[in-house]
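# Report on the structure
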Protein chains: 6
Amino acid sequence: MSVKQIVQVINPNTSQAMTATIGAVARAVAAPGTEILAVCPSQGVPSIEGHFDEAIAAIGVLEQIKAGRELGVSGHVIACFGDPGLLAARELAQGPVIGIAEAAMHMATMVATRFSIVTTLPRTLIIARHLLQQYGFEQHCAALHAIDLPVLALEDGTGLAQEKVREGCIQAKKRDGSGAIVLGCGGMATLARELTLELGIPVIDGVGAAVKMVESLVALGLSTSKHGDLDYPVRKTLSGQFASLKLD
Amino acid sequence: MSVKQIVQVINPNTSQAMTATIGAVARAVAAPGTEILAVCPSQGVPSIEGHFDEAIAAIGVLEQIKAGRELGVSGHVIACFGDPGLLAARELAQGPVIGIAEAAMHMATMVATRFSIVTTLPRTLIIARHLLQQYGFEQHCAALHAIDLPVLALEDGTGLAQEKVREGCIQAKKRDGSGAIVLGCGGMATLARELTLELGIPVIDGVGAAVKMVESLVALGLSTSKHGDLDYPVRKTLSGQFASLKLD
Amino acid sequence: MSVKQIVQVINPNTSQAMTATIGAVARAVAAPGTEILAVCPSQGVPSIEGHFDEAIAAIGVLEQIKAGRELGVSGHVIACFGDPGLLAARELAQGPVIGIAEAAMHMATMVATRFSIVTTLPRTLIIARHLLQQYGFEQHCAALHAIDLPVLALEDGTGLAQEKVREGCIQAKKRDGSGAIVLGCGGMATLARELTLELGIPVIDGVGAAVKMVESLVALGLSTSKHGDLDYPVRKTLSGQFASLKLD
Amino acid sequence: MSVKQIVQVINPNTSQAMTATIGAVARAVAAPGTEILAVCPSQGVPSIEGHFDEAIAAIGVLEQIKAGRELGVSGHVIACFGDPGLLAARELAQGPVIGIAEAAMHMATMVATRFSIVTTLPRTLIIARHLLQQYGFEQHCAALHAIDLPVLALEDGTGLAQEKVREGCIQAKKRDGSGAIVLGCGGMATLARELTLELGIPVIDGVGAAVKMVESLVALGLSTSKHGDLDYPVRKTLSGQFASLKLD
Amino acid sequence: MSVKQIVQVINPNTSQAMTATIGAVARAVAAPGTEILAVCPSQGVPSIEGHFDEAIAAIGVLEQIKAGRELGVSGHVIACFGDPGLLAARELAQGPVIGIAEAAMHMATMVATRFSIVTTLPRTLIIARHLLQQYGFEQHCAALHAIDLPVLALEDGTGLAQEKVREGCIQAKKRDGSGAIVLGCGGMATLARELTLELGIPVIDGVGAAVKMVESLVALGLSTSKHGDLDYPVRKTLSGQFASLKLD
Amino acid sequence: MSVKQIVQVINPNTSQAMTATIGAVARAVAAPGTEILAVCPSQGVPSIEGHFDEAIAAIGVLEQIKAGRELGVSGHVIACFGDPGLLAARELAQGPVIGIAEAAMHMATMVATRFSIVTTLPRTLIIARHLLQQYGFEQHCAALHAIDLPVLALEDGTGLAQEKVREGCIQAKKRDGSGAIVLGCGGMATLARELTLELGIPVIDGVGAAVKMVESLVALGLSTSKHGDLDYPVRKTLSGQFASLKLD
């Protein structure tokens with residue numbers, strides 16, 4: 001770990017402000033030897049609030065994975081709570097790829113017996129539910145909550161969304177019997193530390209969690225398995241706008 | 001059902017030959033009042049054999065869903081066994097959207113207590129496994145098999161892949177104790193009828209199954225729910241190559 | 001599908017009025033080439049509100065399946081929400097057999113991410129729960145509700161039960177976060193279309209759904225698998241009142 | 001327990017020989033104060049090898065439950081491995097009702113971490129699979145095996161079926177890593193003790209297990225709950241051959 | 001069963017009062033030929049209210065299992081609702097070992113379709129949840145409740161805790177739709193009979209249930225499997241305070 | 001992370017040799033600012049090969065957790081693949097506590113879609129199975145294998161056990177279709193790196209994985225939740241040999 005390494009943090013939406021926020025959170029927890037490269041796609045959606053948005057964002061994630069790989073980064077973080085394009089990204093990448101929902105959920109199960117999730121719009125709850133099922137954590141999640149504000153309300157400077165997240169966490173602690181809370185949006189990353197202190201329970205941001213997970217895997221010499229399911233994509237012609245995704 | 005209706009069958013890969021094959025299979029089972037519109041994306045991947053390919057194909061599916069919607073089609077079929085972009089397509093569509101894996105698996109559970117799946121490359125098995133979990137059919141699937149040939153081998157005219165599918169089905173019937181077999185690739189659609197007759201058990205092709213499912217939903221006045229999770233995408237700026245996906 | 005085909009719709013209880021209602025709903029959605037044969041057992045229970053009633057009804061279902069088979073019908077619908085005798089009927093039948101709970105639940109998963117159920121007596125909820133588990137849809141059902149009126153209240157002409165169903169659906173939409181509602185009784189079949197329109201979400205009746213499912217399977221050349229678990233019953237002496245169930 | 005009590009053991013098929021065998025096994029394990037009343041329906045199927053047979057047998061079970069209840073028996077055993085009519089019988093009965101598959105499976109989980117099942121015809125395996133799911137023991141069952149002989153081969157006096165059961169148990173012990181074996185047919189009840197001794201692992205017969213379970217519940221003052229789901233059947237007219245099932 | 005047999009009932013905490021209470025309840029349900037030997041560890045925790053307490057109690061359970069085995073008891077009951085040390089005890093024991101949570105939960109599933117649990121401190125709910133998962137009864141438990149009083153409040157002579165348990169059971173019956181209630185603490189054992197009568201539904205105490213289960217297994221000639229997972233512990237040096245646990 | 005921190009690595013068995021090995025592996029992956037404190041209980045079992053051994057080891061783990069806490073360590077690793085005493089240790093600890101099975105399984109799901117486990121004695125497989133269920137990874141584990149040698153064979157200097165592990169991993173890669181392998185014993189920790197290189201897939205040792213997980217949680221300011229289930233043990237008298245476990 002004494003060698004310099006780069007962890008690429010990909011904000012799958014096109015919001016520069018959110019990319020900067022996420023980058024700052026990542027840097028705050030990164031190990032001394034880790035450089036954070038915070039990026040977002042040049043094209044796509046300004047926020048991700050459904051499956052349609054995720055499908056578009058997944059392409060942006062893949063473009064950035066390819067770019068990161070060409071830069072020789074050590075690993076990648078997908079910094080949107082739906083972990084869009086995660087398995088596709090793992091196929092394309094050489095290093096480890098970690099989603100922030102994945103990282104936060106995994107860590108939550110290690111500090112509490114059950115956790116709650118607080119996210120943005122109600123329609124994104126189904127995405128979190130499906131991830132819980134896919135990752136194996138249905139029994140570990142006590143309840144899911146939505147503050148009913150769009151993602152970008154977290155960037156509007158009024159603090160309203162932040163206050164709603166705080167209230168949501170307080171309610172979740174009180175009512176769900178959960179020992180920890182998972183913040184359900186990359187844009188909430190800055191709130192984790194202070195809410196952890198205020199509430200007296202682990203309030204977990206996936207951005208930081210994912211950065212540490214990538215660092216850990218790299219330190220252990222572990223990377224995405226290239227045997228079988230997650231092997232590099234089968235070589236084939238990618239036509240039109242997708243041609244640039246092709247591996248050399 | 002006496003009114004003319006159009007069912008759009010979207011081949012998510014860019015193979016014209018496979019699109020034609022799939023269209024023909026769809027037409028063969030369509031009701032008298034149903035017109036089949038078989039399409040494929042103008043850009044993308046020539047075959048879909050992993051999550052990376054699926055992520056690209058999902059964009060092509062969305063473009064076609066939008067086009068189909070503007071044409072006023074009654075419903076849509078996603079004719080690739082991984083059902084790429086299914087939930088995103090449901091957000092975008094007004095009518096019902098059915099994936100061929102989904103349709104075939106659902107129907108298999110209604111004619112047999114357990115079924116087997118025969119697909120192409122081993123690396124696509126994980127996609128089928130995840131769909132079984134997502135759709136609720138883990139307990140209904142006895143086994144999954146791969147013939148270990150790429151998708152496009154089904155279009156190479158030698159009949160080798162077809163023979164391997166046939167052998168796979170015969171083995172699956174013998175060894176798995178399954179009452180039905182689900183064909184795990186849109187390119188196998190033409191084989192279902194003859195294998196059903198030869199093997200004496202239901203061998204199910206999802207393309208035909210999905211067309212009938214769309215027709216059924218339309219006849220019942222049922223369409224994709226626009227309340228909550230699958231509501232139209234939140235209106236926002238789609239930048240760059242994705243601008244054309246925006247709903248008017 | 002241009003050939004005339006008969007779909008037998010079996011009301012497992014002995015209510016002639018409900019049989020007529022169910023038959024009418026079936027006819028309203030049937031394809032042009034489909035003739036609906038609505039029948040009920042000559043002996044049994046006037047309504048089905050528990051496992052005891054179901055056990056009796058299952059014999060009536062089998063008698064009708066045998067009669068239908070001798071008439072050469074193309075397929076069978078079991079028009080009671082508990083799907084009584086479904087697997088036994090599949091053993092006896094040559095064509096496909098579809099239960100209305102099964103059909104409605106399957107279709108609900110294709111138009112919404114999660115659905116609610118509205119049924120009659122609370123004691124029948126456990127039957128629906130077990131079906132959800134058997135069919136694989138536990139994760140797809142957000143909540144179950146009972147209007148706490150017996151099945152035959154739907155036939156008393158006052159409209160009270162219908163109004164309670166309507167209220168139940170409205171509450172379910174509001175509170176459960178479900179995108180669709182499944183009507184949990186064959187006697188509610190007439191309400192689906194109007195409630196779908198009023199509530200603006202798919203409200204699904206299993207009678208219509210099952211008819212379309214049978215038509216679909218027939219069109220696809222798929223029938224109940226006779227390999228293994230659902231093969232015709234082992235030939236043996238059926239004594240006493242059951243002698244008439246014997247296949248020739 | 002010093003008072004005399006009757007446990008009714010219902011063989012759901014009409015085989016007098018098997019009824020006698022089952023009665024003898026039940027008596028061999030019954031407590032001093034327990035009288036075993038072994039009965040079978042006067043009408044029905046001579047053996048139960050599928051869902052169709054089970055549907056018929058369930059009516060016989062209900063008739064016997066009613067008769068037993070009128071005699072004032074303390075509890076009931078359903079002595080067929082599919083536990084046909086179990087929940088219907090619980091509705092009708094006042095005392096506890098235990099199925100032999102249920103009893104054997106429950107006991108197996110208390111003496112071993114995982115168990116195997118050895119049954120008769122392969123087509124009955126699906127019934128056992130569904131019971132494992134319904135009772136919650138999918139993870140506790142390592143494997144299911146069928147000797148591929150019909151139920152009545154156990155009564156043919158040649159000992160062939162018994163030898164096949166023995167071989168099946170020996171193989172199951174060797175291959176499955178199971179600590180116990182559940183015998184999957186009431187007709188195998190006589191084999192449990194000797195196989196337990198020969199194999200050195202618990203080989204469990206459900207008939208004996210169910211008798212002890214009924215005795216236990218009675219001694220504890222516990223009976224089938226009449227609150228909610230398993231309350232007595234709703235009073236209604238039972239027509240035709242079913243009239244005799246009506247509670248007074 | 002005419003031979004005298006000893007069932008050892010181990011209270012895993014060191015409370016003599018609770019040991020006496022549990023012993024009395026066990027004796028009240030024991031068969032004529034059964035002698036109850038109620039014991040508790042000489043060292044350990046006075047009550048068990050968490051995983052830490054359970055870890056300590058497990059050693060006490062093992063010491064008593066060893067002592068009981070040397071006395072030649074027929075079987076063992078672990079009389080704490082978390083079933084502490086159950087699988088370790090099964091390795092050490094020759095006879096059957098039954099936990100009271102296990103016994104109560106199993107029996108509850110045989111008299112009702114779903115049950116509720118009423119226990120002491122909220123922090124012990126997670127232990128019950130994990131047992132439900134381990135035993136396979138997640139789908140059979142409708143809800144868990146805690147009276148929010150420590151275990152020893154059941155021994156303080158005021159009756160306050162007992163009244164809270166009673167209220168908890170009444171609420172659970174009313175709200176959960178459960179047909180039976182499982183008492184979630186050995187110290188509640190005396191309440192089961194009267195609450196069963198007062199509430200009119202089975203209220204199940206695991207102490208009595210476990211005694212009957214041990215008697216049943218013994219009568220059937222079934223004991224803990226010594227093949228594989230639960231074989232006697234591998235012989236090795238046990239150092240320090242644990243030396244006394246060594247089998248001779 | 002620039003401050004010096006101590007991660008306590010607890011070998012739950014009393015083998016000094018294995019403690020040294022585990023400590024060395026932990027040091028090899030620790031961050032520059034991390035000091036590894038490798039310890040083992042002064043009393044207990046020399047190796048852990050079943051539930052009985054685990055129960056004893058859990059007490060040793062708790063003693064060490066208490067000692068580590070008094071030393072002010074930042075977090076704790078339980079370095080035995082059964083994660084003995086994990087939840088009890090979390091109650092007692094202030095900092096995070098990670099088991100090596102837990103850490104390895106979590107990481108395996110992030111680098112592969114499915115993994116295999118290779119462990120020592122067959123009787124320990126059930127412990128791994130239960131952990132998979134508890135952690136949520138049943139669907140992520142393709143197969144479990146045992147080399148059928150005791151734990152201490154890994155310390156006998158012959159290399160035989162190591163060769164068997166290697167062969168087990170090679171077979172697992174070939175047959176299971178897994179993308180990664182989890183080594184199922186702390187004593188195998190030294191093999192991970194070389195097998196990862198030789199096999200070309202991630203072969204994961206939990207000791208290293210757990211150390212990185214503790215470091216990650218500490219860096220993120222996350223610790224075991226003290227709200228609810230994992231709060232410090234309720235204060236009570238611990239008698240006899242357990243008195244020393246009491247928190248001040």
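Residues numbered from 1 in each chain as written. Chains lettered and ligands numbered in written order. Predicted model: local features only at pLDDT ≥ 70, side-chain atom pairs only at ≥ 80, totals over all residues. Heavy atoms only, no water.

### Some remarks on the overall build of chain A
Of the regular secondary structure elements, chain A holds 8 helices and 8 strands. Against the globule reference of 18 Å for 248 residues, chain A gives a C-alpha radius of gyration of 17 Å, in line with a compact fold. Scored against the burial criterion, the 248 residues of chain A give a buried share of 69%. Relative to all contacts within chain A whose residues are 6 or more apart in sequence, the contacts with residues 24 or more apart total 71%. Taken as a whole, chain A presents about 7,400 Å² of accessible surface, with 52% of it coming from carbon and sulfur. Across chain A, the mean location of the 19 positive side-chain charges is 3 Å away from that of the 23 negative side-chain charges. (Helix = DSSP H or I, 4+ residues; strand = E, 2+ residues; numbered from the N terminus. Rg over C-alpha atoms; globule rule 2.2 N^0.38 Å. Buried < 20%, exposed > 50% of the residue type's maximum accessible area, 1.4 Å probe, protein only. Contact = heavy atoms within 4.5 Å. Areas by Shrake-Rupley, 256 points an atom, 1.4 Å probe, with all protein chains shown as cover. Lys, Arg positive; Asp, Glu negative; His and termini not counted. Charge placed at Lys NZ, Arg CZ, Asp CG, Glu CD.)

### Details of the interface of chain A and chain B
Contacts between chain A and chain B engage 44 residues on the former and 44 residues on the latter. A per-residue breakdown of the area chain A buries against chain B is headed by Phe52, Arg123 and Gln241 of chain A, which together make up 21% of the total. Linking chain A to chain B there are 6 salt bridges. Between arginine 123 of chain B and glutamate 91 of chain A there is a salt bridge whose closest N-O contact spans 3.6 Å. Applying the counting rule to chain A against chain B returns 19 residue pairs in polar contact (both at pLDDT 80 or more). (Buried area = accessible area lost by both parts, 1.4 Å probe. Salt bridge = Lys/Arg side-chain N within 4 Å of Asp/Glu carboxyl O. Polar contact = N/O pair within 3.5 Å; in protein donor to acceptor, adjacent residues only side chain to side chain.)

### Topic: the sheet that holds strand S3 (residues 75-78) of chain E
Residues and elements named next belong to chain E. One open sheet holds the 4 strands; their spatial order is S2-S1-S3-S4, and the pairing between them is parallel. Strands with a single pairing partner mark the edges of an open sheet, and in this sheet they are strand S2 (34-39) and strand S4 (97-99). When strand polarity is set aside, the average angle formed by the axes of neighbouring strands in this sheet is 20 degrees. Two strands pair when backbone bridges link them, and strand S1 (residues 5-10) and S3 are joined in this way by 4 bridges, in the parallel orientation. Across the sheet, glutamine 8 pairs through a bridge with histidine 76, a residue of S3. The strands that helix H1 (residues 16-29) touches are S1 and S2; relative to S2, the one it contacts most, it runs at about 165 degrees. Sheet strands touched by helix H2 (residues 51-71): S1, S2, S3 and S4. Its angle to S1, the strand with the most contacts, is close to 170 degrees. (Pairing = 2+ DSSP bridges. Axes fitted to C-alpha atoms, helices over the stretch in contact; angles between N-to-C directions.)

### Remarks on the side chain of threonine 113 of chain C
In this fold, threonine 113 of chain C is placed in the loop between helix H4 (100-111) and strand S5 (115-119). Only 2.4 Å separates the side chain of threonine 113 of chain C from the side chain of aspartate 229 of chain B, close enough to count as a polar contact. The residues touching threonine 113 of chain C, leaving out its near neighbours within four places in the chain, are Ile126 of chain A, Leu87, Asp229 and Leu230 of chain B together with His140 of chain C.

### Overview of helix H2 (residues 51-71) of chain D
Residues lying three or four places apart along an α-helix face the same way, a consequence of the helix completing one turn every 3.6 residues. Residues and elements named next belong to chain D. Over its 21 residues, H2 extends 30 Å from the first C-alpha to the last, a length consistent with the 30 Å expected when each residue adds 1.5 Å. Among the 21 residues of H2, 17 are classified as buried, and the element is accordingly described as predominantly covered. Once H2 ends, the next one or two residues include glycine 72, with phi positive near 80 degrees. (Expected span 1.5 Å × (residues − 1).)

### Describing the environment of methionine 105 of chain C
Residues and elements named next belong to chain C. Summarising the element assignment, methionine 105 is placed in helix H4. Along the sequence, methionine 105 and serine 116 sit 11 residues apart, while their C-alpha atoms lie 9.6 Å from each other. In contact with methionine 105, not counting residues within four places along its chain, are Phe81, Phe115, Ile117, Ala128, Leu131, Leu132, Tyr135, Phe137 and Val182.

### Considerations on the pattern of salt bridges
Taken as a whole and judged by the stated rule, the model has 48 salt bridges over all chains. In this structure, glutamate 215 of chain A and lysine 212 of chain A form a salt bridge, with 2.8 Å as the shortest nitrogen-oxygen distance. Of the two residues, glutamate 215 of chain A and lysine 212 of chain A both sit in helix H8 (residues 206-219), 3 residues apart, roughly one turn of that helix. A relative accessible area of 3% places glutamate 215 of chain A in the buried class. The structure contains a network of salt bridges with shared partners spanning Glu49 and Asp53 of chain A together with Lys236 of chain B.

### Some words on the side chain of glutamine 8 of chain F
Residues and elements named next belong to chain F. Summarising the element assignment, glutamine 8 is placed in strand S1 (residues 5-10). Within the structure, glutamine 8 has its side chain in polar contact with the side chain of histidine 76 (distance 2.7 Å). In this structure glutamine 8 touches Leu37, Val39, Gln64, Ile65, Gly68, Val73, Gly75, His76 and Val77, once residues within four positions along its chain are discounted.

### Observations regarding the packing of aromatic side chains
For the coordinates displayed, the defined rule picks out 3 aromatic pairs over all chains. Geometrically, the ring pair formed by phenylalanine 137 of chain A and phenylalanine 137 of chain F is edge-to-face, given 5.8 Å between the ring centres and 65 degrees between the ring planes. Of this pair, phenylalanine 137 of chain A sits in the loop between helix H5 (125-135) and strand S6 (141-146) while phenylalanine 137 of chain F sits in the loop between helix H5 (125-135) and strand S6 (141-146), each in a different chain. Phenylalanine 137 of chain F shares its class with phenylalanine 137 of chain A; the two are buried. Here the basic side chain of lysine 226 of chain E rests over the ring of tyrosine 232 of chain E, its NZ or CZ set 4.1 Å away from the ring centre. (Phe/Tyr/Trp six-rings, centres within 6.5 Å; stacked < 30°, edge-to-face > 60°. Lys NZ or Arg CZ within 6 Å of the ring centre and 35° of its normal.)

### Some words on the domain arrangement of chain A
All names here are of chain A. When the domains of chain A are assigned, the result is domain 1 (5-99 + 208-245) and domain 2 (101-206). Distance between the C-alpha centres of domain 1 and domain 2: 21 Å. Buried surface at the junction of domain 1 and domain 2, summed over both partners, amounts to about 2,200 Å²; 65% is from carbon and sulfur atoms. Area buried by domain 1 at its contact with domain 2 is led by Met18, Glu49 and Phe81, which between them contribute 34% of it. (Domains from an automatic or database assignment.)

### Details of the relation of the copies chain A and chain B
Superposing chain A onto chain B requires a rotation of 180 degrees together with a translation of 0.0 Å along the rotation axis, leaving an RMSD of 0.0 Å. Such a turn and shift between the copies fits a two-fold axis. (Least-squares fit on C-alpha atoms with pLDDT ≥ 70 in both.)

### Observations concerning the confidence of the model for chain A
Taken as a whole, chain A shows an average pLDDT of 96; of its residues, 99% reach a score of 70 or greater. Scored as a whole, the predicted complex attains pTM 0.97, and scored at its interfaces, ipTM 0.97. (pLDDT = per-residue confidence, 0-100.)

### Comments concerning the arrangement of the chains
One finds no contact between chain B and chain E; the C-alpha atoms of the two approach each other to within 16 Å at their closest. In this structure chain C stays clear of chain F, and the shortest span between their C-alpha atoms is 16 Å.

### Quick word on the sheet that holds strand S1 (residues 5-10) of chain A
Strands in a sheet are paired, the pairing made by backbone hydrogen bonds, and the direction either parallel or antiparallel. Residue and element names in this part refer to chain A. Spatially, S2-S1-S3-S4 is the arrangement adopted by the 4 strands of the open sheet, whose pairing is parallel. For this open sheet the edge positions go to strand S2 (34-39) and strand S4 (97-99), each flanked by a neighbour on one side alone. When the angles between neighbouring strand axes are averaged without regard to direction, this sheet yields 20 degrees. Looking at chain direction, strand S3 (residues 75-78) and S4 are connected through 3 bridges and run parallel. Its bridge partner lying in S4, valine 77 is registered against isoleucine 98.

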